[in-house]
Every structure is written in C-alpha cells, then in structure tokens.
Amino acid sequence: RLNDQDGSLSVHGMDLYNLTPDAISRFIGDCISKEPEEVADLKNVVYQKTMGNIFYAMQSMEELVRKNALYYDVMCFDWRWSLGKVALPNFLSDDIVEMIKGKVEELPF
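This is a predicted model, so every value here is computed, not measured. Throughout this document, residue positions are counted from 1 along each chain, in the order its sequence is written. Since the coordinates come from a predicted model, pLDDT governs what is reported: local features require at least 70, and pairs of side-chain atoms require 80 or more to be given and counted, while whole-chain, interface and lining totals use all residues. Here the side-chain values reflect all heavy atoms present in the structure, with hydrogen atoms and water set aside.

Caption draft 1: Region of the structure containing the packing of helix α1 (residues 21-32) against helix α3 (residues 54-66). The geometry of α1 relative to α3 is characterised by a closest axis approach of 11 Å and an angle of 40 degrees between their N-to-C directions. With respect to each other, α1 and α3 are oriented oblique. Every pair of crossing elements has a handedness; the one defined by α1 and α3 is right-handed. Note on element contacts: α3 touches α1 through Ile54, Ala57, Met58 and Met61, opposite Ile24, Phe27, Ile28, Cys31 and Ile32. Along the lines of polarity and charge, the residues of the contact of α1 with α3 split into nine nonpolar, no polar and no charged. To get an axis, a line is fitted to the C-alpha atoms, and for a helix only the part in contact is used. The angle between two axes follows their N-to-C directions and goes from 0 to 180 degrees. Secondary structure counts use DSSP, requiring at least four H or I residues in a row for a helix and at least two E residues in a row for a strand, with both numbered from the N terminus. The cut-offs work like this: below 35 degrees is roughly parallel, past 145 is roughly antiparallel, 65 to 115 is roughly perpendicular, and the gaps in between are oblique. Left-handed is the label given to a crossing in which the near helix is rotated counterclockwise from the far helix by less than a right angle, and right-handed is the label when the rotation is clockwise. Any two residues having at least one pair of non-hydrogen atoms within 4.5 Å are treated as being in contact. Ten residues, namely Ala, Val, Leu, Ile, Met, Phe, Trp, Tyr, Cys and Pro, are considered nonpolar, four, namely Asp, Glu, Lys and Arg, are considered charged, and the remaining ones, Gly among them, are considered polar.

Caption draft 2: Spotlight on the pattern of salt bridges. Within this document, salt bridges are pairs made up of a side-chain nitrogen of Lys or Arg and a carboxyl oxygen of Asp or Glu, the two lying within 4 Å of each other. Enumeration over the complete set of coordinates arrives at three salt bridges. Of the charged contacts in the structure, one is a salt bridge between Lys67 and Glu63, with a shortest N-O distance of 2.9 Å. Classification of residues uses two cut-offs on accessible area relative to the type maximum, computed with a 1.4 Å probe and protein chains only: under 20% is buried, over 50% is exposed, and between them is partly exposed. Of the residues examined, Lys67 reaches a relative accessible area of 36% and is grouped as partly exposed. For Glu63, a relative accessible area of 4% puts it in the buried group. Salt-bridge contacts for Arg80 lead to Asp73; the nearest nitrogen and oxygen are separated by 3.9 Å. Given the relative accessible area of 32%, Arg80 is considered partly exposed.

In structure tokens, the structure reads:
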C-alpha cells in the first residue's frame with residue numbers, strides 16, 4: 001500500500017503470498033544455474049518443507065549447502081546433490097526457528 005502525502009510516496013505494507021511449486025522450481029534453478037526440470041527432486045523436498053514460503057525456501061537452500069547435501073563440484077563446475085529422494089528431506093528441519101538456531105550454533109565463537 002502506498003501513501004502519497006505532500007508529493008512523496010511511502011510504503012506502508014506489502015502483501016506477500018506463498019510461491020507455487022513451479023515458482024519454487026524456477027527459484028532453485030536460478031540459484032544453482034539449472035533448468036527447473038533438472039531440480040525437480042530438490043523442488044519437491046523444499047516445497048514440501050516450506051509450502052512456498054520464499055524466506056523459508058532461501059533458508060532451506062542455505063541449510064542444504066551448509067550440510068553438504070547440495071554442493072558445488074569444482075571438478076565439473078556444476079552444482080550437485082548427493083542424496084536420494086528418501087534421505088534428502090532429513091537434511092531440512094520442519095521448523096524455521098530450529099533451522100536458524102542451527103545456523104547460529106555453527107558460528108565460531
């Protein structure tokens with residue numbers, strides 16, 4: 001929502017909606033430079049855990065990288081994921097708070 005007072009515009013609110021599975025697939029594909037069809041198994045896992053919440057989807061992708069479930073193969077210059085469809089969901093938390101807590105606990109102090 002925009003408010004136009006004295007010639008200046010300011011944003012007072014923005015409605016955000018969950019992304020569709022296709023949009024999550026395009027997001028993941030953009031993140032790792034692959035076509036959406038190539039990331040179908042990642043999309044299924046991420047969408048199942050996040051229900052299309054883009055902020056949670058971004059955190060999920062970071063968590064997969066942090067846990068080496070999703071990694072960049074420097075020999076092939078390509079992103080890879082090493083787990084099967086059954087094990088991949090185990091790398092993602094069902095709770096965004098737990099996911100963020102895990103990131104904080106891994107920080108060097």
